[in-house]
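Results of the structural survey
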Amino acid sequence: MNFIRGCLLGLTFIFINAASADEDIFSLSLEELVEIEVTSASLFKESLADVPVPITVITAQMIDETGARNLKDLLTTFVPNFTSVEDQNEQNVAARGVFTSSQQKMLIMIEGHRLNSRSYSMAAPDYGISLDKIKHIEILRGPASSLYGNVALTATINIILKKGSELDSTQVTLGLAKNNTQQVNFLHGQTIADLDVLAWGQYFKSEGDTINIPNSPIYLSKTSQSDSAIIGGYDDLPSYDIGAKIKDDNWSLYANWRRGHYIEPFSGGGKTGEPYDYDDYAKLNGIGPGLGWQSQHYNFSFDKQLNNWLWHQEIYLDENEINSLVIVNPETKTYSAPSWRERSVGLISSINKQTQNANYLIGFQYDAMKIKDSELLTSFEGSDLLPIEGRADLLPKAKESIASIFVQMKYRLNDLWLANIGARYDYKSRYETENIEDFSPRLSLVYNKSEQFNLKLSYASSFVDATFWNRFSTLPSFQGSENLKPERLESIQLTPTFTLLDQNLILSTNIYYNELSDFIFRDNNADILGPNYINAGELKSWGLEFEGQYQHKDVSLKAVIGYQKAISSENYGETDGDVHNVPSLTANFISTIAVSPQSDFNLIIRYIGSQMSPIFMEGEANAKDYSVDPALVLNANYQHQITSDFNIEFNLHNVLDHQYEQGGTTVHPYPQQGRSAKVSLSYKF
């Protein structure tokens, strides 16, 4: 901590008297943003106007201006109807009211490479994904299994990296905030012998806010000696994201090592949700209470032109590891340590042909996963963590695989209409239970009358299989059920977009209708010996999403508004059209003003509507009704370019220190972080 503080002060004194600024290659006008090409929606490059489904693009400029802390901040700020939800020990986001006890419903990728694990399907939107390496993020809103198969249920998020040739520099950023929060970022890009080289690294840790818990039945369902909770803690072993990408005209190599550990605010096992004393529990391999994860990703891709066809192939390998410490009973200081490792390998091969009026693509994917080992250690009343004699493994050593065929066609019907059709067939070989197969179609029509008006109508169907963890876990309170069925989501969307005032104003609205079936949810009322995961039933819902952006000279204004309602449900958390723990109305207003040629100021006003958040009390069969009040949260960010190479940034999160709560898969809503200030200094070599 003292070393980082000294570096910050030293850099400040060295450069504080200089002042000049370079044009940022990653800053885009609205006109340039309209012309940006994306690849996530069809697996080939196309303009935003031609993309067949609603899409949100978050640029590097948006990331820098807002001072976003992590991917979760970006999603809940810029994507309508993406809302924060709480879990016992993981960061999570709901998309259009759909979520579970981990971020398992959205596919997160880097340059098309999957980050979600296979046995758990988790890709946490936390500090294990650094932001400074990002050129832009493409978020497909709605089902996308026709392209990506399993996991792409509610949304697909593809992170596009900056190019080394565009950077041609090395940048180091040091950040400090309260609660011993430390962050170091490294970013390097250059061209070496016609190779584009990008390398990055991020180190992050924070003790989080320790807040007092009121003496209320909401938080104290059992006798507990603790009256506080840690909110927003990423401590013990630091989070990191280290990676590199090397690319030439025909091939690319990507390698990435990531880790995270989120401290569980309340007990995460047993009935969950009780205050506990963090220091009462011995760490295991440097990890205290909470969920720790570690991932490695490797990908080699190669493109070759065969006459009029482009042949693309990838081979990849992923290693994922979970290491957790779960508090079971704070009164008796009982806790457990579940852990397991998996390895996945796969290949993708596709051919793509483009003509004057059409684009055709056909591809094949094979993905295989193996559980390498698993372990469950338990401590009773402060004893050593030991395995329970005679108990089955946490997860069986097993293999599963998926073979898939996918096709995609984009055809220009005339000067006004464009058709986009895609489908994917997946066949999964399951361990011990019946194999599954699924067909996921997508149909879309795009109408482009002029540069000023665009209309999209789409239908898509998506699925996600029950995770290996959901089916075979032996952990009490998280017992699996091996006969779980895949979840399915069908969606119809209508998206009109207007581009006005010489492309200085963009107004986009999306209306959607969703049918969710066989949804898997952790039943908080289930017995501790389970099974705790069930195919809960169905949810029919509709929603309205609005994105508006105005840019003129030194001012940029953006509005992101989402409204959603349930039409009907069966065995799903919903009351009178309100999905539990999800606000029906959310709104973000983002303004950025260039104070001077070297400085800009950003303010985010976030409105989070009221929400039903039932409380599950031990010994009571039914949940108690509870409503979370609406919240108004302000975030501010100021950055100043001291020289062309040196930048200072001040970020204030929750400016008004508003006290509010958020529910989720937890047994009661959790309090949220209060005001926090952060200062960051960046130097470019």
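Up top you'll find the structure we're talking about.
Residues numbered from 1 in each chain as written. Predicted model: local features only at pLDDT ≥ 70, side-chain atom pairs only at ≥ 80, totals over all residues. Heavy atoms only, no water.

As a further point, take the overall build of the protein chain. For the protein chain, the helix and strand inventory stands at seven helices and 40 strands. In terms of overall dimensions, the protein chain is globule-like: its C-alpha atoms have a radius of gyration of 24 Å, near the 26 Å expected for 685 residues. If one aligns the C-alpha atoms of the protein chain with their principal axes, the spans along those axes are about 70 × 65 × 50 Å. Taken over 685 residues, the protein chain has a buried fraction of 60%. (Helix = DSSP H or I, 4+ residues; strand = E, 2+ residues; numbered from the N terminus. Rg over C-alpha atoms; globule rule 2.2 N^0.38 Å. Buried < 20%, exposed > 50% of the residue type's maximum accessible area, 1.4 Å probe, protein only.)

Another aspect to go through is the side chain of Lys205. Mapped onto the elements, Lys205 comes out in strand β12 (residues 195-206). At 3.5 Å, the side chain of Lys205 and the side chain of Asp235 are in polar contact. With near-sequence residues (within four places) excluded, Lys205 lies in contact with Asn180, Thr181, Gln182, Tyr234, Asp235, Asp236 and Pro238. (Polar contact = N/O pair within 3.5 Å; in protein donor to acceptor, adjacent residues only side chain to side chain. Contact = heavy atoms within 4.5 Å.)

Glancing now at the sheet that holds strand β6 (residues 106-110). Ordered by their spatial adjacency, five strands build an open sheet running β3-β8-β9-β6-β7, and the pairing between neighbours is mixed. Across the chains shown, the open sheet's two edge strands, defined by having one partner strand only, are β3 (55-59) and β7 (113-114). The sheet contact formed by β6 and β7 spans two bridges and is antiparallel. Bridge assignment links Met109 to a residue of β7, and that residue is Arg114. (Pairing = 2+ DSSP bridges.)

Counted under the stated rule, the structure contains 28 salt bridges. Ionic pairing is found between Arg141 and Glu547, a salt bridge with its closest N-O pair at 3.0 Å. Residue Arg141 is located in strand β8 (residues 134-141), and its partner Glu547 is located in strand β28 (residues 533-552); the two are separated by 406 residues in the primary sequence. The two residues Arg141 and Glu547 agree in class, both being buried. As a salt-bridge pair, Lys485 and Asp518 come within 3.3 Å of each other at their nearest N and O atoms. Note that Lys485 is positioned in the loop between α7 (468-472) and β26 (487-500) and Asp518 in strand β27 (residues 505-522), a separation of 33 residues in sequence. The partly exposed category is assigned to Lys485, whose relative accessible area is 44%. Using a relative accessible area of 26% as the deciding quantity, one classes Asp518 as partly exposed. Residues participating in the shared-partner salt-bridge network are Glu400, Lys428, Arg430, Asp465 and Arg471. (Salt bridge = Lys/Arg side-chain N within 4 Å of Asp/Glu carboxyl O.)

This part takes up helix α4 (residues 71-78). Counting buried positions over the eight residues of α4 gives eight, a clear majority of the element. When α4 is considered as a whole, its buried residues turn out to be Leu71, Lys72, Asp73, Leu74, Leu75, Thr76, Thr77 and Phe78. Between the side-chain oxygen at the start of α4 and the backbone nitrogen of Lys72 there is a gap of 3.2 Å, and the oxygen is on Asn70.

The pairing of strand β23 (residues 417-429) with strand β24 (residues 436-450) spans twelve bridges and is antiparallel. Within β24, the position partnered with Tyr425 by the bridge is Phe439. Hairpin connection between β23 and β24: a loop of six residues separates the two successive antiparallel strands, and Glu432 in this loop has a positive phi of roughly 70°. Judged from the eight bridges that link them, β24 and strand β25 (residues 453-464) form a sheet pairing that is antiparallel. Residue pairing in the sheet places Leu443 in a bridge with Tyr459 of β25.

Scanning all chains against the criterion turns up 21 aromatic pairs. With centroids separated by 6.0 Å and ring planes inclined at 80°, the aromatic side chains of Tyr120 and Trp469 adopt a geometry described as edge-to-face. Remark: Trp469 occurs in helix α7 and Tyr120 occurs in the loop between β7 and β8; sequence separation between them is 349 residues. Taken as a pair, Tyr120 and Trp469 share a single burial class, namely buried. Cation over ring: Arg96 sits above Tyr512, and NZ or CZ is 4.1 Å from the ring centre. (Phe/Tyr/Trp six-rings, centres within 6.5 Å; stacked < 30°, edge-to-face > 60°. Lys NZ or Arg CZ within 6 Å of the ring centre and 35° of its normal.)

This paragraph deals with the nonpolar core. Counting residues in hydrophobic clusters, the biggest one holds 44 residues, and the most contacted among them are Ile58, Leu74, Phe82, Ile137 and Ile139. Those elements that place two or more of their residues in this core are β3, α3 (60-66), α4, β5 (91-95), β6, β8, β9 (155-161) and β12. Among all residues touching Ile137, those that are not within four sequence positions of it are Thr56, Val57, Ile58, Ile63, Leu71, Leu74, Ile157, Asn158 and Ile159. Counting 22 residues, the second largest nonpolar core, distinct from the first, contains Leu291, Met369, Phe468 and Phe472. (Core = buried A, V, L, I, M, F, W, Y, C linked by side-chain atoms within 4.5 Å.)

Burial within strand β37 (residues 646-653) is extensive, with six of its eight residues counted as buried. Two strands pair when backbone bridges link them, and strand β36 (residues 631-641) and β37 are joined in this way by six bridges, in the antiparallel orientation. Across the sheet, residue Asn637 finds its bridge partner in β37, namely Asn651. Hairpin connection of β36 to β37: four residues between the antiparallel strands. Pairing analysis gives eight bridges linking β37 to strand β40 (residues 676-684), with the strands arranged antiparallel. Within β40, the position partnered with His653 by the bridge is Ser676.

Another aspect to go through is the environment of Met122. Relative to the elements of secondary structure, Met122 occurs in the loop between β7 and β8. The class for Met122 is buried, based on a relative accessible area of 7%. With sequence-adjacent residues up to four places away left out, Met122 is seen in contact with Glu90, Ser102, Gln103, Gln104, Leu115, Asn116, Ser117, Leu291, Trp293 and Ile322.

The phi dihedral of Glu111 is positive, around 50°, even though this residue is not glycine. Within the secondary structure, Glu111 is located in the loop between β6 and β7. A relative accessible area of 31% places Glu111 in the partly exposed class. In this model, Asn179 sits at a positive phi of 60°, which is unusual for a non-glycine residue. As for its position among the elements, Asn179 is in the loop between β10 (169-177) and β11 (181-192). You can call Asn179 partly exposed: its relative accessible area is 25%.

What is shown is where atoms sit, not what they do.
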